[in-house]
Amino acid sequence: MSIEAELRAEFDSWERKETVALRVLPYVLLTVCAVVALLLPLWPDRARGRARTAGRARVPEAIGEVTRRWSEVYGIEAALTVTGDPRPMHSDVGVTLLRAAQEALADVAKHARAGRVGLTLSYMANLVTLDVRDDGVGFDPTRRAGRSANGGFGLAGLRQRVQRLAGRLDIESEPGGGTAISASVPAIPAGGGQ
């Protein structure tokens, strides 16, 4: 009887792990695709025997690819608009903005019940800002601090990531009114220090 109970518990454990893995897989795939899009221009160009430099629009392309794939996976209309003059940014800036897009889109998929999502990546003189707006159910931002119900850190973790770059994360939402998340970080150029 003890062996049967142990086997049943082990089976249940694997079943839960499989369920969690299937829920997480789309996010893992989106992350891998986005990282590849950011790093691809730095890969050595063997035909010319030298490394290619990062293109002017690496961050917009990576966020655009994440947005497109997310929209396909979840069947929710999503579009990226880029304003200002896209220029190569320090990798920490690019990764932070990419993670902001991923976290915001993940939250839309989990909570918003939105029909549309708009992302705007804005290049200004000293800042780069990513705004993510959805037309979903909204929430009370004062009641959703800290750890989320599924064990992640969600917006609190994103806020910490943005603040590490001396940036700012703003959240505007109200029940029934959709949500707007804005991540602003210093426009540290590629090759620039922190």
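Quick caveat, the model's predicted, so the values are computed rather than measured.

Caption draft 1: Quick peek at unusual backbone geometry. For arginine 113, which is not glycine, the phi dihedral falls at a positive 50°. Tracing the backbone shows arginine 113 in the loop between α3 (91-112) and β4 (116-123). Unlike most non-glycine residues, alanine 166 shows phi in positive territory, near 60°. One can find alanine 166 in the loop between α4 (154-164) and β6 (168-173).

Caption draft 2: Spotlight on the packing of aromatic side chains. Under the criterion given, the structure shown has 1 aromatic pair. Ring centres of tryptophan 70 and tyrosine 74 lie 5.5 Å apart, and the angle between their planes is 40°; on these two criteria the pair is classed as tilted. A residue pair is termed a helical-turn pair when its members lie 3 or 4 positions apart in one helix, as tryptophan 70 and tyrosine 74 do in helix α2 (residues 58-74) at 4 residues.

Caption draft 3: Representation of α3 in the model. In this model α3 runs 30 Å from its N-terminal to its C-terminal C-alpha over 22 residues, within 8% of the 32 Å that 1.5 Å per residue would give. Backbone geometry just after α3 places arginine 113 at a positive phi near 50°.

Caption draft 4: A look at the pattern of salt bridges. Tallied over the full model, the rule gives 6 salt bridges. Here glutamate 65 ties to arginine 68 by a salt bridge, and the two come within 2.7 Å at their closest N and O atoms. Remark: arginine 68 and glutamate 65 occur in helix α2; sequence separation between them is 3 residues, near one turn of the helix. Linking glutamate 65 and arginine 69 is a salt bridge whose minimum nitrogen-to-oxygen distance equals 2.4 Å. In this pair, glutamate 65 and arginine 69 are both assigned in helix α2, 4 residues apart and thus about one turn of the helix distant. The network of salt bridges with common partners includes Glu65, Arg68, Arg69 and Glu72.

Caption draft 5: Up close: the pairing of β6. With 6 bridges joining them, β6 and strand β7 (residues 179-186) adopt antiparallel strand pairing. Counterpart to isoleucine 171 in the pairing with β7 is isoleucine 181. The hairpin turn running from β6 into β7, its antiparallel successor, is 5 residues long, and glycine 176 in that turn takes a positive phi close to 85°.

Caption draft 6: Quick look at the confidence of the model for the chain. Summary statistics for the chain give a mean pLDDT of 80 and a share of 64% for residues scoring 70 or more. Counting contacts from residues 42-57, a segment whose pLDDT is below 50, to residues more than four positions away or on other chains yields 21 contacts. Below a pLDDT of 50 lies the segment residues 146-152, which in the model reaches 5 contacts outside its immediate sequence neighbourhood of four places, other chains included.

Caption draft 7: How the structure looks around the sheet that holds β4. Strand order in this open sheet of 5 strands is β3-β4-β5-β7-β6, and the pairing throughout is mixed. Sheet topology places β3 (77-83) and β6 at the edges, where each strand pairs with a single neighbour. Taken over all neighbouring pairs, the strand axes of this sheet differ in orientation by 10° on average, direction set aside. Alignment of β3 against β4, held across 7 bridges, turns out to be parallel. Among the inter-strand pairings, alanine 79 is bridged to a residue of β4, identified as glycine 118. Contacting β3, β4 and β5 (127-134), α2 crosses the sheet at an angle of about 170° to β3.

Caption draft 8: Fine view of the side chain of serine 182. Among the structural elements, serine 182 can be located in strand β7. Here serine 182 falls in the buried class, since its relative accessible area comes to 16%. Within the structure, serine 182 has its side chain in polar contact with the side chain of aspartate 131 (distance 2.6 Å). Non-local contacts of serine 182, meaning those with residues more than four positions away in its chain, are made with Thr129, Leu130, Asp131, Arg168, Leu169 and Asp170.

Reading guide: rules and limits
- Residue numbers here run from 1 along each chain, matching the order of that chain's written sequence.
- Two thresholds apply to this predicted model, a pLDDT of at least 70 for residue-level local features and 80 or more for giving and counting side-chain atom pairs, whereas whole-chain, interface and lining totals are computed over all residues.
- For side-chain calculations, the full set of non-hydrogen atoms in the structure is used, while hydrogens and water are omitted.
- Helix numbers and strand numbers start at the N terminus; a helix is a DSSP run of H or I with at least 4 residues, a strand a run of E with at least 2.
- Only Phe, Tyr and Trp rings are paired, with Trp represented by its six-membered ring, and only when their centres lie within 6.5 Å; those with planes under 30 degrees apart are stacked, over 60 edge-to-face, the remainder tilted.
- Expected helix span is taken as 1.5 Å per residue step, with the number of steps being one fewer than the number of residues.
- Only one rule defines a salt bridge in this text: a Lys or Arg side-chain nitrogen within 4 Å of an Asp or Glu carboxyl oxygen.
- One bridge is not enough; two strands pair if DSSP finds at least two bridges between them.
- Values of pLDDT, which run from 0 to 100, indicate the predictor's confidence residue by residue.
- Working rule for contacts: check all heavy atoms of both residues, and any pair within 4.5 Å makes them a contact.
- Between N-to-C directions, angles span 0 to 180 degrees; the directions come from axes that are lines fitted to C-alpha atoms, helices contributing only their stretch in contact.
- Burial classes: relative accessible area under 20% of the type maximum marks a residue as buried, over 50% as exposed, and values in between as partly exposed (1.4 Å probe, protein chains only).
- Throughout this description, a polar contact denotes any pair of N or O atoms lying within 3.5 Å of each other; where both atoms belong to protein, one of them has to be capable of donating a hydrogen while the other can accept it, and for residues adjacent in sequence the pair is counted only when both atoms sit in side chains.

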